[in-house]
Each structure stands twice: as structure tokens, then as C-alpha cells.
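Here are the chains, one letter per residue:
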Amino acid sequence: MTDVPDPVARPGGVVVDVLAVRVPSYTRQVLDGSLGYDLPTPLVPGPTCVGRVRGVAEDVFGHQVGDLVLCNSLYSSGDAVGSPDEILIGWTGTGTPRSARMQAVWRHGSFAEQACYPASCLTTLPGGQEWKRTELLPFLASLAIADGGLRKGGLRGGQSVIVNGATGNLGGAGTMAALARGAARVIVTGRRESALSALAQLDPRVRPVVLTGDRARDTAALLAETDDGADLLLDVIGATPTTDPTLACVDALRLRGTAVLVGGVRHDLALPYQRIQRRQLTVTGSFMFDSRTALEVWELVRSGALDLSPVGAHVFGLDRFEAAMESAESLAGLDYAVLMPRW
Ligand SMILES: NC(=O)c1ccc[n+]([C@@H]2O[C@H](COP(=O)([O-])OP(=O)(O)OC[C@H]3O[C@@H](n4cnc5c(N)ncnc54)[C@H](OP(=O)(O)O)[C@@H]3O)[C@@H](O)[C@H]2O)c1
């Protein structure tokens, strides 16, 4: 930990006091380079956070000092022309020269007392000032990422959803979001049985399936929990050594089912061509979230339609960053590590 100059609100920017930020389970591997993230140095790292607006640039009109905001680290070059570059501020880029220019300007992230984000990355949380349990708010980011995937897959009430990697943080969030959005059945997969059991306590619609790593066996176990295959797969699994867990779930989709890939698998996926063609499956990706999704999950939480009380926040101050990373590595499902720089 070190002192750096306070950020200033550059044009188009908003400075926030960072209130709380999730420490992902794989933070150490991001920072030591083993995941190959595109990190310019020196850098204040840190992903999407919750903050309170401290100052705004003179050309920013949509945010006011004191607003409680979700600061999405996703920043896009804009898609007016061609395919945009999308960076995660303080986390990774895409490796292109334009991405490097974007990172040079919007460089630093949220593992700090203050941070500066482009105004377009911020979503104001209406009524957020009355929310007492700040340590639960970073879970909104996980909910928005997972819910963005469910939206991409066109989830409708009454459908069956497989959440692959449900024992992870995005998986716990995806399970809660699918329940709140009216899924009739949520089949949750993972290897940690205790974490799966905790998810099953949420609602009788949740059906746990312990993954064995054997594709055919896992598919059979998943199919046994559906009528004739699942409508939607939300794949939020981590960096698995093989793609078999994901493929087992694709094999368990019903006719015209959709697989949404959100997770951290680093290998190429050998897609079952004939099965996709004959069963008219859709395979798509989803990355981060937009402001509309963030607002929707916030309203679900604020109204009580999505109850955050089963979520367990393990809070650390900035001076205990190492302990926060260590804790994040071992926590599962609805338990997560939160850095609160002003704690
Ligand atoms: N698309 C996006 O916008 C986006 C945003 C953020 C993160 N991500 C990616 O999403 C992934 C999940 O994030 P997270 O924070 O939820 O991570 P996490 O908490 O570490 O969860 C990882 C999940 O993967 C499972 N898993 C890991 N290795 C496995 C293996 N060998 N076989 C079977 N299951 C395995 C874990 O299950 P068990 O522990 O039960 O084994 C757990 O359910 C990350 O890798 C990240 O890169 C994507």
C-alpha cells in the first residue's frame, strides 16, 4: 500500500470516494500476471465498485456530489464506427493500440480511497443513501453481470436454467437473479457440495448437481433434473482445465435452448456441430453489463424482490489487502470478500 496523489475529475470524469469493492477469487492471478490480463504499470488496480460522488468535471451533468453510484469498470470506445474496444478500467484491456490509449487516460481502478471514472460508467442508485448495509452493495456488480447473461439468453418466467459454476460468486448471483426473474427451475452445478446445499436452501426451485468432470455422466445428471432439457445455460464457471463441464451443460439443453458464456474458461470450445444444428441451439457470449441492467437489479434489491440477506460479506480495510485476497480464494457462492477502503 502506498500514497498517490488524489485523482482529479478530468473532462468527462467523476471522482468517487470508493465505499466498497468485491475482491474476486482470482485477484492474485490477475496481479501476478498468470492470467495474462493486459495491465499497464504502475497502476492502481481494482474492478467495478460502489462509490459516493466526490467531484464532477464541468462537462458532466448527470451526476451530483453525494450520489451513491455503481462504477462499472467496463469502458467502451463507442460503437459509432466499426467494432469498439472495451477495456476494464484498472483491470484489463484488449491489447490493441486504441485500448492502450484508453488505458493511458482511464487507467486506475478501485482498490483505493478515491477513483476517477468516465461519467458514462456510472449508474446512480436511486434511494441508495438510505441503504444501511454498504458491504452488500458490491454484490450488485455480480448480479448485474449474471443478469446481463440471463437477459442475453432471453430468460422468461417459467423456464429452466442451468447455472454452471453456481458455487462461485457470479454463480450465486446468477442463481438469485434467475429466481427473482421467475425461473421455474434453477439447476446449480459445482464441485463444492456444501456451497451447492447452501444455494438449495434459497428456494425449492433450486436443484443441485455435483459435477464429476465426466461429460456424459454430468449431462445425464443435469437432464434428470429437467423435463426434457433446460431452456437456458448461464455458464459462469472459472478457468477449468477442460471444457467438459461447459459441454456437458450444452448437451443438456432442450430444442431451441440457449447457452450464454460468461465465465473464465481459457480453452477453445469444441462445439457439437450436429447437435447445435439439429436442436437449433444458440451459443452466445456476454460481457459485463449496461446501466439499464444495473438499475434493474438495484430496483429488484431495493424492492425486496431479490433479498440480499443470504449474502455473506467478509470485510477488509485497505491495509489488509493480502488477507482479503487470501479470503477471496477460499470463499464460495454467496460468501464474498469486500474491500472497504474507508472502513
Ligand atoms: N463475462 C463477464 O463479464 C465476466 C465478469 C467477471 C468475471 N468473469 C469470469 O467469470 C468467472 C467466474 O467468476 P467468479 O468470480 O464467480 O469466480 P469464482 O467465485 O472463483 O467461481 C468459479 C466457479 O468455477 C468452478 N470451477 C472452477 N474450477 C473448476 C473445475 N476445474 N471444474 C469444475 N468447476 C470449476 C467453481 O466451482 P467449485 O468451486 O465448486 O469447484 C466455481 O463455481 C471468472 O473466471 C471470470 O474470469 C466474467
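As a starting point, this report considers the structure included with it. Computed from a predicted model, the values in this text were never measured in an experiment.

## Thoughts on the sheet that holds strand 10 (residues 206-210)
In step 1: One open sheet holds the six strands; their spatial order is 10-9-8-11-12-13, and the pairing between them is parallel. Only two strands of the sheet have a single neighbouring strand rather than two, namely strand 10 and strand 13 (282-285). For this sheet the average axis-to-axis angle between neighbouring strands, irrespective of direction, equals 20°.
In step 2: Packing against the sheet, helix 7 (residues 244-251) makes contact with strand 8 (160-164), strand 11 (230-235) and strand 12 (253-261), and its axis sits at approximately 150° to strand 12.

## Description of helix 6 (residues 215-223)
Given 3.6 residues to a turn, an α-helix orients residues that are three or four positions apart in the same direction.
In step 1: Those residues of helix 6 not exposed but buried are Asp218, Thr219 and Leu222. Taken end-on, helix 6 shows its buried residues confined to a sector of 100°, consistent with a single buried face. Across helix 6 from its buried face, at more than 90 degrees, point the exposed residues Ala216 and Arg217.
In step 2: Contacts made by the buried residues of helix 6 are with strand 8, strand 9 (185-190), strand 10 and helix 7.
In step 3: By the N-cap criterion, in which a side-chain oxygen at the helix start approaches the backbone nitrogen of a residue two or three places on, helix 6 is capped by Asp214, the distance to Ala216 being 3.1 Å.

## A closer look at the site of the ligand
In step 1: Ser25, Thr167, Arg191, Arg192 and Met288 are the nearest of the 25 residues found near the ligand.
In step 2: In this structure, an oxygen atom belonging to the ligand sits 3.1 Å away from a main-chain N or O atom of Gly165.
In step 3: Out of a free accessible area of 930 Å², the ligand has 86% covered by protein chains.
In step 4: Along the lines of polarity and charge, the residues of the shell around the ligand split into 11 nonpolar, 11 polar and three charged.
In step 5: Residue-level mapping places the shell around the ligand at the junction of two domains, with at least three residues from each of domain 1 (13-140 + 289-339) and domain 2 (154-285).

The rules behind the values
- Residues numbered from 1 in each chain as written.
- Predicted model: local features only at pLDDT ≥ 70, side-chain atom pairs only at ≥ 80, totals over all residues.
- Heavy atoms only, no water.
- Pairing = 2+ DSSP bridges.
- Helix = DSSP H or I, 4+ residues; strand = E, 2+ residues; numbered from the N terminus.
- Axes fitted to C-alpha atoms, helices over the stretch in contact; angles between N-to-C directions.
- Contact = heavy atoms within 4.5 Å.
- Buried < 20%, exposed > 50% of the residue type's maximum accessible area, 1.4 Å probe, protein only.
- Arc of directions from axis to C-beta.
- Polar contact = N/O pair within 3.5 Å; in protein donor to acceptor, adjacent residues only side chain to side chain.
- Near = heavy atom within 4 Å.
- Areas by Shrake-Rupley, 256 points an atom, 1.4 Å probe, with all protein chains shown as cover.
- Nonpolar A, V, L, I, M, F, W, Y, C, P; charged D, E, K, R; others polar.
- Domains from an automatic or database assignment.

Don't take any of this as a statement about function, it's just geometry.
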